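# Structure assessment
The residues making up each chain are set out below.
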Amino acid sequence: MFLAWERLCTLSCRPKFLKTVWASKILGLSTSAGEDSNPGWGTKIPPATQHGKKMSLRFKNAKRIEGLDSNIWIEFTKLAADPSVVNLGQGLPDISPPVYVKEELSKIAAIDNLNQYTRGFGHPSLVKALSCLYEKFYHNKINPNEEILVTVGAYGSLFNAIQGLIDEGDEVIVIVPFFDCYESMVRMAGATPVFVPLRCKPVDGKKCSSSDWTLDPQELASKFNSKTKAIILNTPHNPLGKVYTKEELQVIADLCIKYDTLCISDEVYEWLVYTGNKHFKIATFPGMWERTITIGSAGKTFSVTGWKLGWSIGPKHLIKHLQTVQQNTVYTCATPLQEALAQAFWIDIKRMDDPECYFNSLPKELEVKRDRMVHLLESVGLKSIVPDGGYFIIADVSMLDVDLLDMKDSNEPYDYKFVKWMIKNKKLSAIPVSAFCNAETKSQFEKFVRFCFIKKDSTLDAAEEIIKAWSRQNS
Amino acid sequence: MESSLCPKMCGVRAGRWATPGWWRGEEPCSSPPPGGADTEAVVTEQLPPQSEPRLTLHLLCLQLTLCLLCCLQLTMAKRLQAQRLDGIDYSPRVEFVQLASEEADVVNLGQGFPDFSPPEFAVEAFQHAVSGDFMLNQYTKAFGYPPLTKILASFFGKLLGQEIDPLKNVLVTVGAYGALFTAFQALVDEGDEVIIIEPFFDCYEPMTLMAGGRPVFVSLKPSPTQKGEPDSSSNWQLDPTELASKFTSRTKAFILNTPNNPLGKVFSKEELELVASLCQQHDVVCISDEVYQWMVFDGFQHISIASLPGMWERTLTIGSAGKTFSVTGWKVGWVLGPDSLMKHLRTVHQNSVYHCATQGQAAVAQSFEREQLHFGRPSSYFVQLPQYIQRCRDHMIQSLQSMGFRPVTPQGSYFLITDISDFKNKMPDLPGAADEPYDRRFVKWMIKNKGLVAIPMSIFFSLPHQKFFDHYIRFCFVKDESTLRAMDQKLQKWKAELTP
């Protein structure tokens, strides 16, 4: 019955003017005169050949992704996926998100119309909540529709900002070490990353801290020129944990204003700032709102990295270009997750001064873990850089003097080899810090590895056992 | 002084340093440069008013010098937004969706989303994903949550008659929309040609442009119908000669959408075979958007072009959980294809979104696992949904016909288009911009005055062809019974207003 129906449709719908001979000619196939006038669509077409040789597939990738195929996370996440490995590598909490956050998502999963598309640039209740929250920090009102964009994680915000505002031939200043996607995203946009390293100026006798790592103002200024389109700032910083001071940000702001440069400020760890430090938003500095995109992350704010929701906040004349990218890339983000995030925000917005507010309780919880890690690393003679913020700590492993001669790929930096060796032999994973460096600066950072400490106590206990046993082995 | 030299008169932005604040998007000449700014300023001099003849020559020389400097600045001029956004900032679909959301008491038959509940098993799957293992709140594998890539590989492997590796041949994306973007960015280079069949889902064109590609259009055209006979999407066809002529040595990709949005056409095997042979002959990648693959009516059959001989190795097949399980808000999509192509999509993915949300993927995996057990049986959602939607389609067709609309019966998809020529003849002068196509003016008028939302068909055509199709509008019929009844009420009221 189905076949008869199909044949009927084919017969009745065939355009009368098509002939087999036309189809054959199109394909360069010879056709004998007087071929029956069976119209074109019914013709069986032989496999493509030209001069008897099969065409080779020439599916080269687009130039924009040339050289961007390797990815540190793919490589090291795979290695650490072994369940017997204690994973302090990827920045992924193994603690539970707050109960009320999970509860909100659970409630929302039962609401019918939240299973369908929402507003492309951000679910209305979420952009309203974000506007309400961040107005407390900015000196101006934030229009939820025009000055906020919800993206697929902060990663998506970075992508939208760079694709929307950075052009081929532009220069973008990237501070080393850097979250690795900054370089690849800038290159994908056809622009040139210009690197400027943070340099360590330790004070004798004092514990090494992330605040010891600073930019040389003159060196920084030398990187700006007429081609500089933007600078990417990350505070609190990954992997160092540096929280830029007001004075440091002022230097950057002054240069941005002087050279009329944009600032893309990645502030995903904005709530994770430890005692004695304060997070400053560069967009609140005079002259900066109009040239800054500030990026935030639900994943880092509420320990829900798997929700993949982030946001960009900025002036309309910048955000509108990120919105253009959005409508031509993903169009919209997931609805139920946005609604749940909005509800979670409302709960905490109402109790910002309360110690129970997650923006206060999480950094308190993490500071304890940070101190534990510092102490642990110190106890085995590893020099760590005490982070002022974020949930990573980097340590100098060169003094362990591990024999890595049997590691293949001797071209790899020391820390890559070290981490691979450590995963294999000690069942402990970390991330090599030179992964956060450009080719030229890798050697400056190759003795450091990065540990993530947003982990439950049992994970840190397991790490402690491994590190202590290792130390006993060495002594 | 500066304004007379400023290239604004040529309609071009002035050099960056002519007026700091270029990134404000302000007209370069509207604000003077701040005093004392330490910039590579274009030299502007405030000359005292002079009327002596020898100073006229001096002024002319100065003007010419400044003009030259300004031109040099122009070549170094810094735009605010990236050039890749040129021509793609405005989206009529976004505009009409926004319009619909602003009006009260309208029946929304515009944007393509169901307003009925998703199937219970899908809702349960999501509830399970969000209340089960708390680690599902964290990142999963970048290229896809493993249980999802596994089930997609096995489910579609059977359908396509192909061995599909979950790691090499499957990529999970942020909706099918994200899949399309990833494919374009991975494969389309500056100057590459991309063949797009009109009418097309409107994002294909801007995505091609954003990748620096050149869209090449080939139209589906309706054959004349017998008098009184309703038009059908199967009646809209490509001319094989015309189709073949669109392939050149610069053709990189061919975008196929079957079932087609907005027309509802389900490409036949013969039509796909011709496309396939042309793609093979010209060594072109086929990007096949098959989001509506289960939405097929009247016994027509969806065929994936990747299942045709010689096509798996050059085809990217795109699917959507949103359309498959009536959960458009979950934004889970996927691409299936050979590793030689997929590796490039993975590179784009890891440099754009990197991961997709975990719980949505877990829910989709569980939903597919359920469907795999019921596949081909009456209990399958992929059997029940098209049956229900076909009834919606038929209901809408009947209601529209009674109003004097002439709907084109779709073989598949969420949508039908309807000819509004009679309305165009009776009320040709609806409010709108002078060059605004009639169908857009009609839809805006209809939203405001008749409380019905549709999408104008011209937005699915390339600019030069829009005027030929401005007598069609698109309705989405994947709606609850109550919505269709509300539609009937609006139509009846409208009809009553027409009869004196």
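Residues numbered from 1 in each chain as written. Chains lettered and ligands numbered in written order. Predicted model: local features only at pLDDT ≥ 70, side-chain atom pairs only at ≥ 80, totals over all residues. Heavy atoms only, no water.

## Re the overall build of chain A
For clarity, the threshold we go by: Helix numbering and strand numbering both begin at the N terminus, where a helix is a DSSP run of H or I of at least 4 residues and a strand a DSSP run of E of at least 2. With residues, only the protein chains shown are counted as cover, and all accessible areas are computed by Shrake-Rupley using a 1.4 Å probe.
Summing up its helical and strand segments, chain A has 16 helices and 15 strands in all. Surface summary for chain A: the accessible area is close to 19000 Å², and the carbon and sulfur share equals 54%.

## Quick word on the UniProt feature "domain: Aminotransferase class I/classII large" (unreviewed entry) in chain B
Keep this limit in mind: UniProt positions are given in the numbering used here, feature names are shortened, and annotations may be inferred rather than shown by experiment.
Mapped onto the present numbering, the UniProt feature "domain: Aminotransferase class I/classII large" (unreviewed entry) falls at residues 105-485 of chain B. For the annotated span residues 105-485 of chain B, helix accounts for 38% and strand for 16% of the residues, and the straight-line distance between the end C-alpha atoms is 14 Å.

## Regarding the interface of chain A and chain B
Note the threshold: By definition, residues are in contact when any of their heavy atoms lie within 4.5 Å. What counts as buried area is the accessible surface, traced by a 1.4 Å probe, that two parts surrender upon association, with contributions from both included. For this analysis, a salt bridge means a side-chain nitrogen from Lys or Arg found within 4 Å of a carboxyl oxygen belonging to Asp or Glu.
Each partner contributes residues to the interface: chain A has 101 residues there, and chain B has 109 residues. Between chain A and chain B, a total of about 9300 Å² is buried, with carbon and sulfur atoms accounting for 55% of that surface. On inspection of chain A and its partner chain B, the count reaches one salt bridge. Between K63 of chain A and D189 of chain B there is a salt bridge, and its shortest N-O distance comes to 3.9 Å.

## Some words on the side chain of Q361 of chain B
Residues and elements named next belong to chain B. How we decide: Relative accessibility thresholds used throughout: buried, under 20% of the residue-type maximum; exposed, over 50%; partly exposed, between the two (1.4 Å probe, protein chains only). Polar contacts, as used here, are pairs of N or O atoms within 3.5 Å; protein pairs need one atom able to donate a hydrogen and one able to accept it. Residues neighboring in sequence count only if both atoms are side-chain atoms.
Mapped onto the secondary structure, Q361 falls in helix 12 (residues 358-374). For Q361, a relative accessible area of 1% gives the class buried. Among the polar contacts listed, one links the side chain of Q361 to the backbone oxygen of A357, at a separation of 3.2 Å. When neighbours within four sequence positions are excluded, Q361 is seen to be in contact with T140, G144, Y145, L148, V172, V332 and C356.

## Focus on the sheet that holds strand 15 (residues 472-476) of chain B
Residue and element names in this part refer to chain B. Here is the rule: Any two strands are treated as partners once DSSP identifies two or more bridges connecting them. Each axis is a line fitted through C-alpha atoms, and for a helix only the stretch in contact is used; angles between axes span 0 to 180 degrees, taken between their N-to-C directions.
A sheet is described by the order of its strands in space; here four strands give the open sequence 11-12-15-14, paired in antiparallel fashion. Lying at the two open borders of the sheet, with one neighbouring strand each, are strand 11 (406-408) and strand 14 (455-456). Sheet analysis places strand 12 (residues 415-419) next to strand 15, joined by five bridges and oriented antiparallel. Directly across from I417, in strand 15, lies its bridge partner R474. Sheet strands in contact with helix 13 (residues 381-402) are strand 11, strand 12 and strand 15, and its direction is about 15° off that of strand 12.

## Some words on the packing of aromatic side chains
For any pair of aromatic rings, the description consists of the separation of the ring centres together with the inter-plane angle of the planes. Note the threshold: Geometry of aromatic contacts follows a simple scheme: Phe, Tyr and Trp rings, the Trp one being its six-membered ring, pair when their centres are within 6.5 Å, and the pair is stacked under 30 degrees between planes, edge-to-face over 60, tilted otherwise. Throughout this description, the term charge over a ring refers to an Arg CZ or Lys NZ atom that lies within 6 Å of the ring centre and within 35 degrees of the ring normal.
Applying the stated criterion across every chain yields a total of 70 aromatic pairs over all chains. Pairwise contacts between aromatic rings join F121, F155, F156, W294, F325, W334, F368, F375, Y381 and F382 of chain B into one cluster. Positioned above the aromatic ring of Y244 of chain A is the side chain of K242 of chain A, whose terminal nitrogen or guanidinium carbon lies 5.0 Å from the ring centre. Over the aromatic face of F113 of chain B sits the side chain of K479 of chain B, whose NZ or CZ is 4.1 Å from the ring centroid.

## Examining unusual backbone geometry
In this structure, the amide linkage connecting T235 of chain A to the following residue, P236 of chain A, adopts the cis form with an omega of -15°. Turning to its location among the elements, P236 of chain A is positioned in the loop between strand 7 (228-234) and helix 9 (246-258). Look at the link from N261 of chain B to P262 of chain B: it is a cis peptide, with omega at 15°. Along the chain, P262 of chain B turns up in the loop between strand 7 (251-257) and helix 9 (269-281). The backbone of Y331 of chain A sits at a positive phi, close to 75°, despite the residue not being glycine. Mapped onto the secondary structure, Y331 of chain A falls in the loop between helix 11 (316-327) and helix 12 (335-349). Take Y331 of chain A: its relative accessible area is 8%, and that puts it in the buried class.

## Overview of the confidence of the model for chain B
All names here are of chain B. Operational definition: Along the chain, pLDDT gives the predictor's confidence residue by residue, from 0 to 100.
For chain B, per-residue confidence averages 87 on the pLDDT scale, and residues scoring 70 or more make up 86% of the total. Predicted confidence is poor over residues 1-51, with pLDDT under 50, and the contacts of this stretch with residues over four places away or in other chains come to 81 contacts. In the predicted structure, residues 72-77 sits below a pLDDT of 50 and forms 13 contacts with residues beyond four places in sequence or in another chain. For this predicted complex, the interface score ipTM comes out at 0.88, while the overall pTM is 0.87.

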